[in-house]
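Remarks on the overall topology
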2 protein chains.
Amino acid sequence: MAVRIRKLDSTAPDFRQTLDALLAFEAETDDAIEASVAKILAEVKHRGDVAVLEYTNRFDRIPNGGATSMAAFDVKQAELDAALAALPEAQRAALRTAAGRIRVFHERQKQELNGFTFTEPDGTVLGQRVTPLDRVGIYVPGGKAAYPSSVLMNAIPAQVAGVQEIVMVVPTPDGVKNQMVLAAAAIAGVTRVITIGGAQAVGALAYGTETIPAVDKIVGPGNAYVAAAKRRVFGTVGIDMIAGPSEILVLCDGTTDPDWVAMDLFSQAEHDELAQAILLCPDADYIARVEASIHKLLPTMPRAATITTSLSDRGALVKVRDMVEACDIANAIAAEHLEISAEEPLQWADRIRHAGAMFLGRFSSESLGDYCCGPNHVLPTSRTARFSSPLGVYDFQKRSSVIQVSEQGAQTLGKVAAELAYGEGLQAHARSAELRLKTS
Amino acid sequence: MAVRIRKLDSTAPDFRQTLDALLAFEAETDDAIEASVAKILAEVKHRGDVAVLEYTNRFDRIPNGGATSMAAFDVKQAELDAALAALPEAQRAALRTAAGRIRVFHERQKQELNGFTFTEPDGTVLGQRVTPLDRVGIYVPGGKAAYPSSVLMNAIPAQVAGVQEIVMVVPTPDGVKNQMVLAAAAIAGVTRVITIGGAQAVGALAYGTETIPAVDKIVGPGNAYVAAAKRRVFGTVGIDMIAGPSEILVLCDGTTDPDWVAMDLFSQAEHDELAQAILLCPDADYIARVEASIHKLLPTMPRAATITTSLSDRGALVKVRDMVEACDIANAIAAEHLEISAEEPLQWADRIRHAGAMFLGRFSSESLGDYCCGPNHVLPTSRTARFSSPLGVYDFQKRSSVIQVSEQGAQTLGKVAAELAYGEGLQAHARSAELRLKTS
């Protein structure tokens, strides 16, 4: 099957409708999955470890007749350390370099959020405290989508935030453990690893069981069952965003080697068939050269089939009027990954209001950011960058307001509060303020 | 019906179970409401204004045969200004004072979050940008739960964040507008007021209609239909937390006038019958005096019936061993409002890890914070202060990562990324990094 990537022109009268249709993605809710997840969560909530053990043995096909107790799923620190020690030297060094850089960037995030306090002339003190969550759960997929880089990206911000307990769950289909994932856990500050997965793992983390403590928040990607379970336990615990398919939007002024741009589009398209890769460029000749590079390079890619489907179904090469229009379109798309592959990229970056992460200049390939630049690779998808942020230290912190009203402050504030409280018909609110007024 | 507030002792062997049972609150999902909301949202999505008009005329019983076009629901700026001008002088002044103080506090929040950028020795630049949302929707309940203070608390943080369009929706049952709500909109920076409500208003804000632009986030409280609709549109737009019943937890060392503490408990209990008010105190005699105050003051309260049910069903007076234990219990409760009514309250506040807002010292009644101290009164309920924060400027901002890798940086980062990408079986990621390596 040959790749057939659609070519659009922003001057076409129906361009915006065509673009909207191309961007549209709705996660389908599958009634069978919903019913199954509701049952699993209820079982885990009421039967605890017994239910988790049963589901894990069955769904993950744990060999030798299955595990007989939850203890079998706990991975000891020595096993994590051994996994790290057994990696090829180059891989271990790369993981350590990536972890170190991710830690440095996220330390900067932490420095930004210190809380504040200020004192008013009458002695009233107002402020905001920032504190870490106590305990979080990190979901790591098992099997073919097991990415050690995701362990780093999810665990390190929690550790930097000051979370004391970081519980990682990762299913082991057929009992097979991914050694690189265990090695990543060893260097990312994970405090406990449990080899369970699916909705049963989400339930165990949310409600707690005899052997697994309830956490305060669950983060990390998973399949449709995991996503449905996270939605259902939201409120009992915090969750991160439910991620849609991954996306890259490349804005190019035509000065970058077209092979580089083609490969950058591939690097998104190879994730899965629903991934989306779009190029915006004002130069029609350049677009033709990128298209030629796509045809030239695609046969060399091991994941050519996935890339072909993704580019044909959801990709586009878009001729725009100019780079200013490209920035306007980029704001409407609010892409997860935005590459500005151009000379003096800051002039365009300053026009961007909505993007999960911006990669500026031709040397900033998205793949560098995916692994080791330092910023997080967990980013808002499906246009949610309009209102949400990359995963960060702030996802593992929360704020509390602090209000310490002085006796003098209570005299002025009390009259204002009472006036408004009577206006809203809340007399106890008003009386509570008035009791603090001096009667003389 | 006399109030019968339960008295607990932390030394009782079943204390923690009793407390957990008392705190337990699960919002019930009502299948009829869910089905109704799903239908309303689908109609609004596909039929736009026509559907919003029909539902509003029907559900809000718009008089004179109902409105004939959406224009009838738009409230002009002149009408908002007139509502403000027509308020009694004391009320107008109180609203203005409250708005001014809320603005000052939230400006401090904005100052904290500036983003950052740093340059590495090889010239690679990494950073984080902070930008406001473009357009937000604020839901304000109509009828008896119409609170002008909520207009201030939801709209001002959005305005301070730099949101350009703040669209407020408020239903007008029987066509009656709440003048104090309109007045609050006039001073809170709301850019458009539309008198629609319910799931149809949530749908209009989320999907957009011919006359109402789609927003990026919807905040504000509402009834069960509104809450269900917000849950369903989450992902298409951002939403704030779904609030549970309001709660107050008072930690008292026995030095505060017991009438003050009794009235503070009332001020929460008067909200609704599910509201929760709990006192923790190490002094049994003092607890008895608060109980006496409750019986003395309750008959004077216009909302005595609601307070009686709330205190009897969900309230508690708890004798604790000492203030240190009180702080531990407070962390387990993670209350929306925490009053530390004690001498030198900071010594106890420093032990608190989880609370929506802390009110320190006997002059800091929750009611002052509800209206005019400055910090937000939209706070995490139902133990969600373990992982979430008061509504704030940060809810109307989002972050974007910025990555600008230098040519030299691409040489070192490219090798690390390629190593990890090959390890994960993502060859296009690896090749994309390798293309940036100098071949010499």
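- Chain A is annotated in an unreviewed UniProt entry as Histidinol dehydrogenase from Massilia hydrophila.
- Quoted straight from UniProt, the Catalytic activity (unreviewed entry) entry for chain A says "L-histidinol + 2 NAD(+) + H2O = L-histidine + 2 NADH + 3 H(+)".

1. Here's the deal with the relation of the copies chain A and chain B
- Overlaying chain A with chain B gives an RMSD of 0.0 Å, the required rotation being 180° about an axis along which the chain moves by 0.0 Å. The two molecules are tied by a two-fold rotation axis, judged by turn and shift.
- The overlap is high: 100% of the interface residues of chain A also sit at the interface in chain B, so the same surface is used on both sides.

2. Section: helix α2 (residues 31-47) of chain A
Residue and element names in this part refer to chain A.
- Taking 1.5 Å of rise per residue, 17 residues should cover 24 Å, and α2 covers 24 Å from first to last C-alpha, within 8% of that figure.
- Within the sequence span of α2, burial applies to Ile-33, Glu-34, Val-37, Ile-40, Leu-41 and Val-44. Taken down its axis, α2 places every buried residue within 135° of arc, on the same side. Opposite the packed face of α2, turned more than 90 degrees from it, sit the exposed residues Asp-31, Ala-32, Ala-35, Lys-39 and His-46.
- Once α2 finishes, Gly-48 follows within two positions and takes phi at roughly 60°, a positive value.

3. A look at the interface of chain A and chain B
- With 115 residues of chain A in contact, the opposing surface of chain B contributes 115 residues.
- A combined buried area of about 10600 Å² lies between chain A and chain B, and 59% of that area is made up of carbon and sulfur atoms.
- For the chain A face of the interface with chain B, the top three residues by lost area are Glu112(A), Tyr371(A) and Arg436(A), together amounting to 8%.
- Arg101(A) is paired through a salt bridge with Glu120(B); the nearest N and O atoms lie 2.7 Å apart.
- A total of 11 residues in the side of chain A that touches chain B trace back to one element, the largest contributor, which is helix α5 (residues 89-112) of chain A.
- Counted by class, the side of chain A that touches chain B contains 54 nonpolar, 34 polar and 27 charged residues.
- The pairing of strand β14 (residues 357-360) of chain A with strand β15 (residues 397-404) of chain B spans 3 bridges and is parallel. The residue of β15(B) that forms the bridge with Met358(A) is Val402(B).

Conventions we followed
Just so you know, the residues in each chain are numbered from 1, in the order the chain's sequence is written. By the order in which they are written, chains take letters starting at A while ligands take numbers starting at 1. Given that this is a predicted model, residues contribute local features only at a pLDDT of at least 70 and side-chain atom pairs are listed and counted only at 80 or more, while totals for whole chains, interfaces and linings are drawn from all residues. Just so you know, side-chain values use all the structure's heavy atoms and leave hydrogens and water out. UniProt positions are given in the numbering used here, feature names are shortened, and annotations may be inferred rather than shown by experiment. Copy-to-copy alignment: least squares on C-alpha atoms, limited to residues at pLDDT 70 or above in both. We call two residues in contact when some of their heavy atoms are within 4.5 Å. The helix and strand labels rest on DSSP assignments: H or I over at least four residues marks a helix, E over at least two residues marks a strand, and numbering proceeds from the N terminus. A helix is expected to span 1.5 Å multiplied by its residue count minus one. Throughout, exposure labels follow a simple rule: accessible area from a 1.4 Å probe, protein chains only, divided by the maximum for the residue type, with under 20% read as buried, over 50% as exposed, and the rest as partly exposed. In this context, the arc is that of the directions from the helix axis out to the C-beta atoms. Buried area is calculated as the accessible area (1.4 Å probe) missing from two parts once they are joined, with the contributions of both summed. Any Lys or Arg side-chain nitrogen located within 4 Å of an Asp or Glu carboxyl oxygen qualifies as a salt bridge. Gly is put with the polar residues, along with every residue not named as nonpolar or charged; the nonpolar set is Ala, Val, Leu, Ile, Met, Phe, Trp, Tyr, Cys and Pro, and the charged set is Asp, Glu, Lys and Arg. Should DSSP find at least two bridges between two strands, the strands are taken to pair.

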